[in-house]
Amino acid sequence: MLLGHPVSHSLSPILHGAALAAAGLDIGYEAIDVAPQRLEPELAALVAEGAAGNATIPHKEALARICDRLTSTAGLADAVNVWWVEDGELVGDNTDVAGFHALARRVLGCPPGCERIALIGAGGAASAVLTAIGDWTGSTARVFNRDSERARRLCARFPDVARVETVMEDALAGATIVVNATPIGLLDEGFPVAVERIPERAAVIDLVYREGDTPWVRAARERGLRAGDGLAMLVEQAALSFQRWFGREPNRQAMWAAVT
Ligand code: NAP
């Protein structure tokens, strides 16, 4: 089950449908629109039915408060995107974090080293990015958000790696990776920052995904930069969700084939 509001554009049911079919499991995965005030009762009803699932915008942070137990990753990210019941407890994990690792590795073409990240956005996805960067030895992030107070609150949770910047240029200075963690480009042709302003050798990572790449990723590639959109993160967080529910690896090839 995917709990979201609204979830109409989500690829998750397609990804999980492919993984379940490839594993020969006769189990359904569907997206349900849930208003924020209905999260707790809807979840209780699903748990009573023996279901497990994912959560997406805007429920990830609220679900972290509801779960009986969080993995350390979900605790650090303060957000839950995958949930299940274990020994009678509702457990929450965050596989967006490992999804971002996979995406970064794919765009860079190698494991991240000592990186300087310019992070645009300060919501739940930005929190997952900072949680991931915490594992990249020597790496730091400069966070720019249109609401700088929100960026300040986010950075305060990651004092060892993150620092807030109120001017975009300061966030971009010396960046080796520039990450978009806003919805800009999802439903419009907007760019989180003009590609000409991105440092020459930086890699460009867009958490937004869209058929045929996002406009920002296309423009970055045209400038000769390494760039990738959020599809690899979406596929990996779904694959790891499957792994949490069933204790085995899904067929990632089947999952990729379903969405490309
Ligand atoms: P969120 O918690 O609602 O945060 C949205 C962030 O984007 C906030 O920092 C917000 O700034 C900023 N923002 C929104 N509209 C903006 C605009 N027009 N101009 C500038 N900044 C804007 O959402 P989220 O969970 O972090 O998700 C953000 C995006 O990441 C999603 O839209 C989704 O496309 C992508 N995502 C992808 C994956 C994946 O698997 N690939 C996973 C998670 C998220 P304010 O604080 O100023 O409002």
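Note that the coordinates shown come from a computational prediction; the quantities given were computed from them, not determined experimentally.

Moving on to unusual backbone geometry. Omega for the bond connecting Ile57 with Pro58 falls within 30 degrees of zero, at 5°, which places this linkage in the cis form. Phi angles above zero are rare outside glycine, and Asp87 is one such case at about 50°. Within the secondary structure, Asp87 sits in the loop between β5 (82-86) and β6 (89-93). Positive phi outside glycine occurs at Asp213, with the angle close to 70°. Note on placement: Asp213 falls in the loop between β11 (203-206) and α9 (215-222).

As a further point, take the nonpolar core. Among the nonpolar cores identified, the biggest contains 34 residues, and Phe100, Leu119, Leu130, Val179, Ile205 and Leu207 are the most heavily contacted of them. In contact with Leu130, not counting residues within four places along its chain, are Leu119, Ala141, Val143, Leu154, Phe158, Val161 and Ala162. Counting 19 residues, the second largest nonpolar core, distinct from the first, contains Met168, Val178, Ile198 and Ala219.

The assigned domain composition of the protein chain is domain 1 (2-94 + 233-259) and domain 2 (97-229). Spacing between the C-alpha centres of domain 1 and domain 2 amounts to 24 Å. Each side of the interface is counted separately: domain 1 has 14 residues, and domain 2 has 15 residues. Taking both partners together, domain 1 and domain 2 bury about 1200 Å²; carbon and sulfur atoms supply 69% of that area. Counting the contacts that link domain 1 with domain 2 gives zero salt bridges. Counting the contacts that link domain 1 with domain 2 gives four residue pairs in polar contact (both at pLDDT 80 or more). When contributions to the side of domain 1 that touches domain 2 are tallied by element, the ones reaching two or more residues are α4 (72-77) and α10 (231-246). Per-element accounting of the side of domain 1 that touches domain 2 gives the leading share, five residues, to α10. For the side of domain 1 that touches domain 2, the per-class residue count stands at seven nonpolar, four polar and three charged.

Scoring rules and cut-offs
By convention here, each chain's residues receive numbers from 1 onward along its written sequence. Reporting in this predicted model follows two pLDDT cut-offs: at least 70 for local features of residues, and 80 or more for side-chain atom pairs to be given and counted; totals over whole chains, interfaces and linings ignore these cut-offs and use all residues. To get the side-chain values, all heavy atoms of the structure are used, and hydrogens and water are removed first. Numbered from the N terminus, helices here are DSSP runs of H or I no shorter than four residues, and strands are runs of E no shorter than two. Nonpolar cores are built from buried Ala, Val, Leu, Ile, Met, Phe, Trp, Tyr and Cys residues. Side-chain atoms within 4.5 Å join them into one set. Only protein chains enter the area calculation, which uses a 1.4 Å probe; residues under 20% of their type maximum are buried, those over 50% are exposed, and those in between are partly exposed. Whether two residues are in contact is decided by their heavy atoms, any of which lying within 4.5 Å being enough. The split of the chain into domains comes from an automatic or database domain assignment. Accessible area that two parts lose when put together, with a 1.4 Å probe and added across both, is what the buried area reports. The term salt bridge refers to a side-chain nitrogen of Lys or Arg lying within 4 Å of a carboxyl oxygen of Asp or Glu. We define a polar contact as two N or O atoms separated by no more than 3.5 Å, with the added condition that, inside protein, one atom must be a possible hydrogen donor and the other a possible acceptor, whereas residues neighbouring each other in sequence contribute only through side-chain atom pairs. For this classification, the nonpolar set comprises Ala, Val, Leu, Ile, Met, Phe, Trp, Tyr, Cys and Pro, the charged set comprises Asp, Glu, Lys and Arg, and every other residue, Gly included, is treated as polar.

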